[in-house]
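Architecture at a glance
Letter by letter, the chains look like this.
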Amino acid sequence: MTISTHHHFRNGDLVANQIFIAASELGVKDLIWFPSASFHCHEPMIEYLKDGTIHHIEGSMNGPLGRFASLGNMKGTGVLRSHGGRYQAVQDGEVVIDIAVIAAPTADPFGNANGLTGDSACGLLGFALADSQYAHKVIVVTDNLIPFPCVPWQIQGNYVDYVVEMDQIGIPERIISGTTRITKSPDRLFIAELTAKFCDEVGILYDGFSFQAGAGGTSLAIGNYFGEIMREKGIKARFARGGSNQYLVEMLEEGLIDYILDGQTFDLAGVRSMRENPNHVNTSPFTSYNYHGKGNFAGIVDVVILGATEVDVNYNANVVTHSDGYLLHGIGGWQNCLFSKNVILPIPLFRDRIPIIRDEVTTICGPGELIDVIVTERGIAINPRRKDLLDAVKNSKLPIRTIEELKEEAERICGKPEPVEFGERVIAAINWVDGTVIDVVRQVIE
Amino acid sequence: MGKKGTAGNQGPGIRSDCFAALELKSSGGIEIILNSKVDALYKKSIQELAHQILDFFQIKDAKLEIIDRGALPFVLAARIEAAVKVCLDSQEEFWLEMIPENMYQTRKDSTRRSRLYLPGNSPKLMLNAGIHQPDGIILDLEDSVAPDKKEQARFLVRNALRQVNFYGAERMVRINQLPLGLDDLTYLVPHYVNIILLPKCESADQVQAVDKKISEILSDSDLDYPIYIMPILESALGVVRAYEIASASENVASLAIGLEDYTADLGAPRTKEGRETFFARTQVVNAARAAGIQVNDSVFSDVADMNALREVVLESKSLGFDGMGCIHPRQIKVIHEAFAPTEKEIQKAENIVRAFDEAASKGLGVVSLGSKMIDPPVVKRAQKTIDLAVKSGQLPENWKEQGSEEDH
């Protein structure tokens, strides 16, 4: 049996763990947990993986759960999908959700629900959309039950079987940060500024362009630098794809951006803006990420700024495992974003002693054909497939290098990494956006 | 029980550093206990390096524990060597390869708008310092290093001079106050250090002692490259003796002023307006110019306030300073922008340099611009302005080919 949950409450989720406490008490075994993502707060699941309540997880396994799975301790094999890939898997019947448990900050007795108000307000509930539409049984859980109608109904009561009221479904300060912050690290700011300069010089930042930058410190800084350039050039963006945050909201309110198309809100400013501003639009993985979506707009975004744990000399990138083999992160919307017109990865050349550019990545999450530019503090590498970008920087003073040169520089500084040995057992599959398997993760030998 | 020695840093928040604990034994061979964050990728190479160092010091029986948080080889080697030196009384030094990029020399009159201070016992901050392109990077052995870490910081700074690429920034070290600072020089001079900063300098003798020690070490090591001295005046007495300090040796390239200690010495609180330091600053500028050398201002300590920094730098420039100290990489850009010549200054300098070129091509001994005669120091200053404009990205390197304003 498969039970699904969403991750809009991030590290403040109080619902998912309770489902499996109950299942364990009932003596139910071999469940599949199908979260849209997991966080450190889900560490207690390890106990239910150990006692057989949960057979395996199909979803991101962050931190302690990833470590547990990496060592081969999970009974079944995990499956990691992108946000869009998760929607596709449900739509195609690859995953049949028996019970969807949808924690909702506000709901009515009919099951209409949204994330805009209530103590656990998280902005929106887009990651639970497929679950509400396709699960055999849908349970909405809320700590803010209001009389009908709960509008806007981000989750429609017509799909919902049961509404359950709880005292508290989330810890507000862990769901949404009061404020998101731009990095103060001079090295990361340097990379961010270089990334923005690059985008400007190659002509990506034109009047009416569109962009997506995440909520990490470096990405936030890049958005901020974009804002400076836009003001200077007197241009604006048609839309920015969120994760929204205070900086993006400020740009919207200043008139630098016409629309925020938002997949998740990261701070209180984002929640407020989505509640009050009609140009701050609630989207789901269906509208922007889904492989089958006919209006999937990820492909028309001019530039996306993404992270990676590793990139190889063929521009393949890894976002789930570290170089020592541990599975520690989910895919999120990362794979789906690779379809945008320009994919840029601003990353340090090495983290502590670990070089980021490798001969081969530990796990392929995205094929090199789709990754265009790597920006490091020691130079920018442009994928040779992107002749247009290479032409655009021909007379530029930007520090353009080949990816091989960057790799060599990292290895001169850090030393050449020794090969890592893995166990035979496959502990998780990494799915591509269409449901095929792009790579697998093997057991780590301690 | 054998002798024990430790070096390095450990605990939460420590990254790109390591801690080494060595215990000499009378038998049992070498035992290395490695607890490394990067074990999966560098276990072998860390162990090899450790064996190599113990071997070098002819240690046959010992237990070496390394707690590594992703330290680069130059850090690992410095920590292990420092732990060895606690146990052994050895004059030998374990040198890692000197990377060729670091074997550059400097000029007495190099551009010195910004000099970035880095604590000498914190490797993490050294790794990327060069990418921010300050004119100089100071590895500090003095105030930023705790008294019980002074010894181990020398090994780290020496290894950084040999292995960390500073991408062309002048490689500076602030030594300790004399006499301790003279011993520091042993670990710096043979490693292509460009400038020695002499803190709390109060006399010409101190400068000469440093200068003498530098030339002794160079000659003992069979090396021959220039190492300049930047005395830092941080007391009332130092300021009063500014001229004799500035002219104490041919190798004094610049005078710097340290205002925190100076105001403490005066007994006056340091204010934003800076009236209490006005005398000292103008005195030091005047002394340096009288001795024909550069002069560098103190640091600005509020790293979050870039607007205030800009104002301070502009004032600094107006008083005649050539540069300032920085304690955060984000200050570098602001300092460079504020010290950059104005458009009017650039235009004037261009005209002078062109007039000089023209006179030279005609074989004329006298340079004139319009009805004015131009003296050689004016040409020199104009060339400096041009160099600075090129360095600040205000003029292309081939500006002469682009024609003068009159041609447009």
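Here the structure is a predicted model, which means the values were calculated and not measured.

**A look at the overall build of chain B**
- Tallying secondary structure elements over chain B gives 14 helices and 14 strands in all.
- What you see for chain B is a C-alpha radius of gyration of 24 Å, in line with the 22 Å of a compact globule of 408 residues.
- Dimensions along the principal axes, computed over C-alpha positions, put chain B at roughly 85 × 50 × 45 Å.
- When the 408 residues of chain B are sorted by exposure, 45% land in the buried category.
- Across chain B, every contact between residues at least 6 apart in sequence was considered, and the portion connecting residues at least 24 apart equals 71%.

**Considerations on the overall build of chain A**
- Within chain A, the secondary structure is distributed over 14 helices and 25 strands.
- In terms of overall size, chain A behaves like a compact globule, its C-alpha atoms giving a radius of gyration of 22 Å where 446 residues would be expected to give roughly 22 Å.
- Expressed as lengths along the three principal axes of its C-alpha atoms, the size of chain A is roughly 65 × 55 × 40 Å.
- Here chain A, with 446 residues, has 57% of them falling under the buried criterion.
- Across chain A, the fraction of contacts at a sequence separation of at least 24, relative to all contacts at a separation of at least 6, is 71%.

**Considerations on the domain arrangement of chain B**
- By domain assignment, chain B separates into domain 1 (4-87), domain 2 (100-339) and domain 3 (343-407).
- Placing a centre on the C-alpha atoms of domain 1 of chain B and another on those of domain 3 of chain B gives a separation of 57 Å.

**Details of the interface of chain A and chain B**
- Listed as interface residues are 18 residues of chain A and, on the opposing side, 21 residues of chain B.
- Broken down by secondary-structure element, the contributors of at least two residues to the side of chain A that touches chain B are α7 (186-201) and α14 (403-414) of chain A.
- Top element by residues in the side of chain A that touches chain B is α7(A). It accounts for 4 residues.
- For the side of chain A that touches chain B, the residue count by class is 8 nonpolar, 3 polar and 7 charged.

**Quick word on the nonpolar core**
- Counting residues in each nonpolar core, the largest one holds 244 residues, and the members touching the most others are A:Ile102, A:Val140, B:Val173, B:Ile196, B:Leu197, B:Leu255 and B:Val284.
- Those residues in contact with B:Val284, other than ones at most four positions away along the chain, are B:Leu233, B:Val239, B:Ala242, B:Leu255, B:Ile257 and B:Val295.
- In this structure, B:Phe356, B:Val367, B:Ile386 and B:Leu388 belong to the second largest nonpolar core, which totals 10 residues.

**Comments concerning the confidence of the model for chain B**
- When pLDDT is averaged along chain B, the result is 94; 98% of the residues meet or exceed 70.
- Predicted as a complex, the structure gets a pTM of 0.93 and an ipTM equal to 0.90.

**Re the pairing of strand β1 (residues 2-5) of chain A**
Residue and element names in this part refer to chain A.
- Note that β1 and strand β2 (residues 31-35) share 4 bridges and pair parallel. If you follow Ser4 over to β2, its bridge partner there is Phe34.
- Read from β1 through helix α1 (residues 16-26) to β2, the crossover connection turns out right-handed.
- Both β1 and strand β5 (residues 99-104) contribute to a ladder of 2 bridges, which runs parallel. Within β5, the residue paired with Ser4 across the bridge is Ala100.

**A few points about unusual backbone geometry**
- Between A:Val151 and A:Pro152 the backbone carries a cis peptide bond, its omega angle lying at -10°.
- Residue B:Pro179 is reached from B:Leu178 by a cis peptide bond, and omega for that bond is 5°.
- Phi angles above zero are rare outside glycine, and B:Gln58 is one such case at about 55°.
- Secondary-structure assignment places B:Gln58 in the loop between α1 (39-56) and β4 (62-68).
- In this structure B:Gln58 comes out as exposed when scored by C-beta crowding, with 9 C-beta atoms within 10 Å.
- For B:Asp222, which is not a glycine, the phi torsion comes out positive at approximately 60°.
- Position of B:Asp222 relative to the elements: it lies in the loop between α6 (204-220) and β9 (228-233).
- According to the C-beta neighbour criterion, B:Asp222 is exposed, with 7 such atoms within 10 Å.

**Topic: the domain arrangement of chain A**
Residue and element names in this part refer to chain A.
- Domain assignment breaks chain A into domain 1 (2-175) and domain 2 (186-414).
- The C-alpha-based centres of domain 1 and domain 2 are spaced at 28 Å.
- Residue-level contacts link 31 residues of domain 1 with 30 residues of domain 2.
- No other element matches helix α4 (residues 83-91), which puts 7 residues into the side of domain 1 that touches domain 2.
- When grouped by side-chain class, the residues that make up the side of domain 1 that touches domain 2 number 12 nonpolar, 16 polar and 3 charged.

**A look at the environment of A:Gln91**
Residues and elements named next belong to chain A.
- Looking at the element boundaries, Gln91 is found in helix α4.
- For the pair Gln91 and Asn290, spaced 199 residues apart in sequence, the C-alpha separation works out to 9.6 Å.
- What Gln91 contacts, discounting residues up to four positions off in sequence, is Ala130 and His292.

**Concerning the packing of helix α11 (residues 306-319) of chain B against helix α12 (residues 330-339) of chain B**
All names here are of chain B.
- At a minimum axis separation of 9 Å, α11 and α12 run at an interaxial angle of 40°. As far as their axial angle goes, α12 and α11 are oblique. Viewed along their axes, α11 and α12 form a crossing whose handedness is right-handed. Between α11 and α12, the residues in contact are Met306, Leu309, Arg310, Val313, Leu314 and Lys317 and Gln331, Val334, Ile335, Ala338 and Phe339, respectively.

**Some thoughts on the sheet that holds β1(A)**
All names here are of chain A.
- Taken in spatial order, the 6 strands make up an open sheet running β3-β2-β1-β5-β8-β9, and their pairing is parallel. Each end of this open sheet is capped by a strand with a single partner; those strands are β3 (54-57) and β9 (162-165). The mean inter-strand angle of the sheet, taken between neighbouring strand axes irrespective of direction, is 25°.
- As paired elements, strand β8 (residues 137-142) and β9 share 4 bridges and run parallel to each other. Among the inter-strand pairings, Val141 is bridged to a residue of β9, identified as Val164.

**Describing the packing of helix α9 (residues 246-254) of chain A against helix α10 (residues 268-276) of chain A**
Residues and elements named next belong to chain A.
- Two numbers describe how α9 lies on α10: the axes approach to 7 Å, and their chain directions differ by 40°. As the angle between them shows, α9 and α10 are arranged oblique. In this structure, α9 uses Gln246, Val249 and Leu252 to contact α10, whose residues at the interface are Ala269, Gly270 and Ser273.
- Partitioned by chemical class, the residues of the contact of α9 with α10 number 3 nonpolar, 3 polar and no charged.

So, how was this worked out
Once a new chain begins, its residue numbering starts again from 1 and follows that chain's sequence as written. Chains carry letters from A onward and ligands carry numbers from 1 onward, assigned in written order. Side-chain atom pairs in this predicted model are given and counted only at pLDDT of 80 or more, local residue features only at pLDDT of at least 70, and totals for whole chains, interfaces and linings cover all residues. Here a helix means four or more residues in a row that DSSP labels H or I, a strand means two or more in a row labelled E, and each is numbered from the N terminus. Taken over C-alpha atoms, the radius of gyration is set against a globule rule of 2.2 Å times the number of residues to the power 0.38. With C-beta atoms placed from the backbone, a residue is labelled by how many other C-beta atoms lie within 10 Å of its own: buried for 20 or more, exposed for 12 or fewer, partly exposed between the two. C-beta atoms are first placed from the backbone for all residues, and any pair lying within 7 Å is then listed as a contact. For the domains described, the bounds stem from an automatic or database domain assignment. When residue character is reported, Ala, Val, Leu, Ile, Met, Phe, Trp, Tyr, Cys and Pro are called nonpolar, Asp, Glu, Lys and Arg charged, and the others, Gly included, polar. To count as a nonpolar core, a set of buried Ala, Val, Leu, Ile, Met, Phe, Trp, Tyr and Cys residues must be joined through C-beta atoms within 7 Å. Confidence scores here are pLDDT values: one per residue, from the predictor, ranging 0 to 100. Two strands pair if DSSP finds at least two bridges between them. Looking down the strands as they point away from the viewer, one classifies a crossover as right-handed if the path from the first strand across the helix to the second runs clockwise. The convention used is that axes are lines fitted to C-alpha atoms, helices contributing only their stretch in contact, and that angles between N-to-C directions extend from 0 to 180 degrees. Convention used here: angles under 35 degrees read as roughly parallel, angles over 145 as roughly antiparallel, angles from 65 to 115 as roughly perpendicular, and any remaining angle as oblique. Here a crossing is taken to be left-handed if its near helix is turned anticlockwise relative to the far helix by less than a right angle, and right-handed if that turn runs clockwise.

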